[in-house]
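For reference, the chains in residue letters:
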Amino acid sequence: SIGDIMYAILEDGKVSKAGSLTELFPSVSFAAAGPDQEWLTLNNVTEVQMTLDYNEDTEELVYLETPKILKGNKVVGVEVKALPANLAWARITAKRNDLLTKTDWTQLADTLDPEMTKKYAEYRAALRDITSAKTPADVVWPKDPVKGA
C-alpha cells in the first residue's frame, strides 16, 4: 500500500523531507495505487529505494535517518556498511557449515554414482578450505556440482 512506501521531497538537489505520502501531504487524498508519475514529478517527489546490492557475507544494510541522493538522482534510505571481520567470518563459517550439512548425504555409500560422489567430495573439501582465505572479502564460494551455485 502507499503508506508502506517511503517518498522524498527534493529541493535544490537535496532531500528536504521524507516519509509516507500521507505524512508528506496530509491534506491530499490518494488512490490506492498512489499518485502517477506526472504528479510525483510536479511535486518534486521520488520514491526512496530501501535496498541496495551488497555481499551478505561481508556487508550489511544500515537504515539512514535521512535518505540521501546517489549519482543519477536515485534516492536511497539505506547504505552498505562493511561488517567487522569477526562477524563476517562467523557468517561465512555458518553458511559453510550449512552447505556441508546439506551435502553430507552425498558421501554415503550407494547414494550417487562414483563420479558424482567424487565431485561432491571435492566440493566439500573446497568448502572446508573457505576459512583459509586471508580476509572475508577474499572468500570464493565453490560451485555445487549439480546446482552450479
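Residues numbered from 1 in each chain as written. Predicted model: local features only at pLDDT ≥ 70, side-chain atom pairs only at ≥ 80, totals over all residues. Heavy atoms only, no water.

Undergrad: How should I be thinking about the pairing of strand E5 (residues 75–82) in this particular structure?
TA: Looking along a regular strand, one sees the side chains alternate between the two faces of the sheet. Sheet analysis places strand E4 (residues 59–69) next to E5, joined by seven bridges and oriented antiparallel. Across the sheet, Ile69 pairs through a bridge with Val75, a residue of E5. The hairpin formed by E4 and E5 contains five residues between the paired strands, and Gly72 there has a positive phi angle of roughly 80°. (Pairing = 2+ DSSP bridges. Helix = DSSP H or I, 4+ residues; strand = E, 2+ residues; numbered from the N terminus.)

Undergrad: Help me out: how do you make sense of the confidence of the model for the protein chain in this one?
TA: The predicted coordinates should not be examined in detail at positions where pLDDT is low. In this model, the protein chain carries a mean pLDDT of 92, and residues with pLDDT of at least 70 account for 98%. Confidence, read as mean pLDDT per element, is least for helix H1 (residues 21–24) in the protein chain (92) and greatest for helix H3 (residues 85–102) (97). (pLDDT = per-residue confidence, 0-100.)

Undergrad: Even after reading the chapter, I still don't get the environment of Tyr7, so can you show me in this structure?
TA: Relative to the assigned elements, Tyr7 resides in strand E1 (residues 7–11). Look at Tyr7 and you get buried, because its relative accessible area is 6%. Expressed as a C-alpha distance, the spacing of Tyr7 and Leu24, which sit 17 residues apart in the sequence, is 8.2 Å. (Buried < 20%, exposed > 50% of the residue type's maximum accessible area, 1.4 Å probe, protein only.)

Undergrad: How do you make sense of the environment of Arg128 when you look at a structure like this?
TA: Topologically, Arg128 is positioned in helix H4 (residues 114–128). Arg128 sits 32 residues away from Arg96 along the chain, and the two C-alpha atoms are 7.3 Å apart. In contact with Arg128, other than residues within four places in its own chain, are Arg96, Leu100 and Ala121. (Contact = heavy atoms within 4.5 Å.)

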